[in-house]
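Structural overview
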Amino acid sequence: MPLSDIQDRIEKAAQTANRDPAEITLIAVSKVQPNARVQAILDQGHRVFGENKVQEAAGKWPDFRQQYEHIDLHLIGPLQTNKARQAMTLAQSIHSLDRPKLATTIARIAQETGACPDLFIQVNTGEEPQKAGVLPTDTDSFVAEARALDLPIKGLMCIPPVDEEPSLHFALLAKIAERNGLAGLSMGMSSDFERAIALGATHIRVGSAIFGERVPT
Ligand SMILES: *Cc1c(COP(=O)(O)O)cnc(C)c1O
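Residues numbered from 1 in each chain as written. Predicted model: local features only at pLDDT ≥ 70, side-chain atom pairs only at ≥ 80, totals over all residues. Heavy atoms only, no water.

Observations regarding the packing of helix α2 (residues 35-43) against helix α3 (residues 54-67)
Let me state the cut-off plainly: To obtain each axis, a line is fitted to C-alpha atoms, and for helices this fit is confined to the stretch in contact; angles are then taken between N-to-C directions over 0 to 180 degrees. To qualify as a helix, a DSSP run of H or I must reach at least 4 residues; to qualify as a strand, a run of E must reach at least 2; elements of each kind are numbered from the N terminus. Should the near helix be turned anticlockwise from the far one by less than a right angle, the crossing is termed left-handed; should it be turned clockwise, right-handed. Only heavy atoms enter the contact rule, under which two residues are in contact if any of them lie within 4.5 Å. For this scheme, ten residues count as nonpolar: Ala, Val, Leu, Ile, Met, Phe, Trp, Tyr, Cys and Pro. Four count as charged, namely Asp, Glu, Lys and Arg, and the remainder, Gly too, count as polar.
Interaxial distance between α2 and α3 falls to 12 Å at its minimum, and their mutual angle equals 35 degrees. α3 is crossed by α2, and the crossing has right-handed handedness. From α2, Asn-35, Val-38, Gln-39 and Leu-42 reach across to α3, where they touch Lys-60, Trp-61, Phe-64 and Gln-67. Taken together, the residues of the contact of α2 with α3 break down into 4 nonpolar, 3 polar and 1 charged.

Topic: the packing of aromatic side chains
Put simply, the rule reads: The rule is short: rings of Phe, Tyr and Trp, with Trp giving its six-membered ring, pair when the centres are within 6.5 Å, and they are stacked under 30 degrees, edge-to-face over 60, tilted in between. Between buried and exposed lies partly exposed: a residue is buried under 20% and exposed over 50% of the maximum accessible area for its type, with that area taken using a 1.4 Å probe on protein chains only.
Evaluation of the coordinates by the stated rule reveals 2 aromatic pairs. Ring centres of Phe-49 and Trp-61 lie 4.8 Å apart, and the angle between their planes is 40 degrees; on these two criteria the pair is classed as tilted. Pair noted here: Phe-49 is in strand β2 (residues 48-51) and Trp-61 is in helix α3, with a separation of 12 residues, a long-range link. The class for Phe-49 is buried, based on a relative accessible area of 0%. The exposure class of Trp-61 is buried, given its relative accessible area of 0%. The interplanar angle of 55 degrees and the centroid separation of 4.9 Å between the aromatic rings of Trp-61 and Phe-64 together place this pair among those described as tilted. Placement of the pair is Trp-61 and Phe-64 together in helix α3, with a separation of 3 residues, close to one helical turn. Judged by its relative accessible area of 4%, Phe-64 is buried. Among the aromatic side chains, those forming a connected cluster through ring pairs are Phe-49, Trp-61 and Phe-64.

Observations regarding the UniProt feature "modified residue: N6-(pyridoxal phosphate)lysine" (unreviewed entry) in the chain
What counts here: UniProt positions are given in the numbering used here, feature names are shortened, and annotations may be inferred rather than shown by experiment.
In the numbering used here, UniProt assigns the feature "modified residue: N6-(pyridoxal phosphate)lysine" (unreviewed entry) to Lys-31. Turning to its location among the elements, Lys-31 is positioned in the loop between β1 (25-29) and α2.

Structure follows, in structure tokens:
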């Protein structure tokens, strides 16, 4: 779907929810997409992208940055502690802070380098055993822990279970964010970003609706 159609849909969803569309950041999720498709979106002026693997991001974004200014890269996938430093160099935001060990590692590197990406804490709203994220009941204390480490926590992120109504998860995430005084809500993907906007999303992560189906590598 053309990028402008996605932007129109964002605008409509924002209007319906009485929200300013400018509050909503569209993260174009470029993982596993051929470079030509990514380049086409860059050529249309879009600058905010998401990747879910550090290695893949490292393989393409330094090159794109040579050609295009002001790229804003968001790491949205699980992050291993031993890749934290590389992730912090590559990305302006990390959406997958999900455990104390990663928080202390990021804090140590941030102290050392004097720089830290914006951070979102991933919440496992569906309490799925195979999925990353802090459990909803543990989120308040984890937010406090991360703040005590002086980490720049901007908000919360979730990936709802595939077989459940996402709105319930978006509403839960919004509630947890609100009681913790967090403004950022990273939620909503190709199939449900309008519902996420209705429930307060500030960052939507849209891949296949922009780029087409992911090409298997
Ligand atoms: C791949 C991915 C997306 C985008 O998914 P689409 O359904 O293609 O929009 C969003 N968030 C995360 C965490 C992802 O890994």
